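Here's the letter readout for the chains.
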Amino acid sequence: MATSSGDGDDPYLWLEDLAGMDASSWVRDSNAETVAALASDEAFSGLRAEMRQVLNSDERITYPGWCGDGLYYNFWRDEANPRGVWRRTTLDQYRSLEPTWDVLLDVDALAAAEDENWTWSGARLLRPGYHRALISLSRGGADAVVVREFDLRGCAFVVDGFTLPEAKSSVCWIDLDTIYVATDLGPGSLTTSGYPRTVRRWRRGVPLAQATTVHEARTDDVAVYASHDPTPGFERDFVGSSLDFYRTENYLLTETGELTRIPVPEDARWDVHRDWLLIRLRSPWAAGGSTYQAGTLLGVRFDTFLAGDREIAVLFQPDGHSALSYHHWTRNHLILAILDDVKSRLQVLTPGEDGWRQASLEGVPELDHSRIVATDPERSDDYLFASEGFLQPATLRLGQVGGGTEVLKREPPVFDAEGLTVRQFFATSADGTRVPYFVVGDPGAQSGPTLLTGYGGYEHSLTPYYSGVIGRGWLARGGRYAVANIRGGGEYGPEWHRAALRENRPRAFEDFAAVAADLVTRGITTPTQLGIEGGSNGGLLMGVMLTRYPALFRAVVAHVPLLDMRRYHRLLAGASWMAEYGDPDREADWAYLREFSPYHNIADEPSYPPVLLITSTRDDRVHPGHARKMAARLREHGHEVAYYENVDGGHGAAADNEQRAFLWTLTLEFLWRKLTVPTLPAPRDPAVDFAPPRVAGLPGA
């Protein structure tokens, strides 16, 4: 029998107490058990060394970003700089094999000097000029950050500069002496989701409490925002409120403080570049006598649109096989990234007096997955793009719209892909929907250990990528790797996502189960050789697979998982996700949530496959209590469960490459042991098996 759902019936609420002595003791004991069982032999140490080697490799591509001043900025972590360095260089230097970098901030040195557990959380540069930045630093990788003003000329924090204490803040430059800031100002200043409710215009030298409030959200909204566009001739300010995860109210803010509503649909995504307003629809929209379908991208001149003009150009319209993934502006052109059955295609559009011209982007490989890395919309029509595949290491190119492309960097392979292929199949879900998935491995081998992953939420797409961690730690050992593109994601646009929203969530679970069954039907694997892994919303997916489809799998790993669907909206940022899942306090919503909430559907029978739960104490997005309580209840019902909680890492569960290497080794070693005969492979010497130059990997793999 499934356990009752009420909070009063939950014997493990005490595990939600992050600072509680009993909860902390439980975590320490659980970690010790898992380390002793999985991480204390030579096989683990050898694989961990390989993972560390991949993640810290100097042959990784140093992916740059433009900030408008013609320089390439990069944040870099390696063995010598585990917390990382923020740096920049010129294009000519970047072209060289060993560029000379101008180090702006050494986070390791800063952490040591200030005795703080700093991790990098990004920077906002002042435009124009690019000589000041608002740097965000996190303690241990949490979403909450400390914001400090930084002088890029002197490479030092500004004495008496703009500073914010730790909070889930957002900031934006207006000019050298003025910023927009939304932060925690004490009682009543946050929404129920834990994000700032007001945004203020803050002038240098004025106490923050006296700064002018320019916009205010309601308590049950998700958050408030403000932005400033300093483009010469097109200076504009925008403010608005996130009503839920997908809907916003948006306004143009005048110098006198007046608000002009931007009349786009609440659930549409939009942006403004110089003359143009782009509107990306998430639901059908009737305007100007026409009705535009969900997933369509529209373009119209911003000023005339505000004045009532509805002569709108259709820039992209989806069909049954294609969807717009994202877009980027250059100075004069618009680049569209399109997915055709989850395979990438880049297209360029150019506005003119006679409408928009359309062409394919030149120099893009046809067979690899290509993605735009950065553009320079203020200065040029240059763009950086990377091309890669599951078996193809990344190549970074510099292109110019209307011109050629230049190879800037190539990554060497990390693992031997000889004999391996990438195949795409389609499984048939319970309602007849065709669900695509990729399989990487030896097509001629008999069924063997297979790792299947998926996500299925928030319109997030899983696309082909080169992973040194998966390649070295799984494929090179003879395993197969599969990626399921289930509903709830964005692989086929907003309708693919909407098909698994709220009460329709089980469609995503049925899709994943259908892919698992199809892998077996095709002889790629067997249920006793099939393991699955997912994180965050993908961790919810793993929990449902464990409790609803246990016979399909031999092992399950869930990272920073969402598992208690009765209390998720009361924990940390959970209230902001109710548009995705529903409101458990509403009887009608809890009626369907209780049917798949993993924590509330644990039973003694049938037996479950072994599960590994990994989370972080510093995750201030998905509360570690989800994983803690799930582990405790699984043990109560007699199921095999391993648990590991990293202290640092935030929602990524790891704050540096050393931690990342440990957690991925824990994941892959757990799965390999469960999916193969219980004989550990002989220890490997990475210096022998993987000698240079075959040592590289993508950051974040």
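Structure's up top.
Residues numbered from 1 in each chain as written. Predicted model: local features only at pLDDT ≥ 70, side-chain atom pairs only at ≥ 80, totals over all residues. Heavy atoms only, no water.

A.B. asks: Mind laying out the nonpolar core, listing which residues take part and the relevant values?
C.D. replies: Residues Leu-452, Phe-512 and Leu-613 are the most contacted members of the largest nonpolar core, which totals 110 residues. Here the element with the most residues in this core is helix α13 (residues 657-675); it accounts for 10 residues. Setting aside chain neighbours within four positions, we find Leu-452 in contact with Ala-482, Val-483, Ala-484, Phe-512, Val-515, Ala-516, Leu-519, Leu-530, Gly-531, Ile-532 and Glu-533. (Core = buried A, V, L, I, M, F, W, Y, C linked by side-chain atoms within 4.5 Å. Buried < 20%, exposed > 50% of the residue type's maximum accessible area, 1.4 Å probe, protein only. Helix = DSSP H or I, 4+ residues; strand = E, 2+ residues; numbered from the N terminus. Contact = heavy atoms within 4.5 Å.)

A.B. asks: Please set out the packing of aromatic side chains residue by residue, giving values where relevant.
C.D. replies: In the structure shown here, the tally under the stated rule is 33 aromatic pairs. Relative to Phe-385, the ring of Tyr-383 lies with its centre 5.8 Å away and its plane at 35 degrees, an arrangement referred to as tilted. On the basis of relative accessibility, which here comes to 0%, the residue Phe-385 falls in the buried class. Here the aromatic rings of Tyr-568 and Tyr-581 are separated by 5.6 Å at their centres, their planes lie at 80 degrees, and the arrangement is edge-to-face. With Tyr-568 in the loop between β37 (555-559) and α10 (578-581) and Tyr-581 in helix α10, the pair connects residues that are 13 residues apart, well separated along the chain. Put simply, the rings of Tyr-73, Phe-75, Trp-86, Trp-120, Phe-150 and Phe-157 touch in pairs and so form one group of aromatic residues. (Phe/Tyr/Trp six-rings, centres within 6.5 Å; stacked < 30°, edge-to-face > 60°.)

A.B. asks: Talk me through the pattern of salt bridges; I want residue IDs and the actual numbers.
C.D. replies: A side chain of one charge can pair with a side chain of the opposite charge if their charged atoms are brought near each other. The final tally for this structure, using the stated rule, is 48 salt bridges. Of the charged contacts, one joins Arg-139 and Glu-116 as a salt bridge, the two residues approaching to 2.9 Å between their closest N and O atoms. Residue Arg-139 is found in strand β6 (residues 132-139), and its partner Glu-116 is found in the loop between α4 (107-114) and β5 (118-125); the two are separated by 23 residues along the sequence. Judged by relative accessible area, Arg-139 falls into the partly exposed class, the value being 27%. Between Arg-586 and Asp-589 there is a salt bridge, with its nearest N and O atoms 3.8 Å apart. Given the relative accessible area of 45%, Arg-586 is considered partly exposed. (Salt bridge = Lys/Arg side-chain N within 4 Å of Asp/Glu carboxyl O.)

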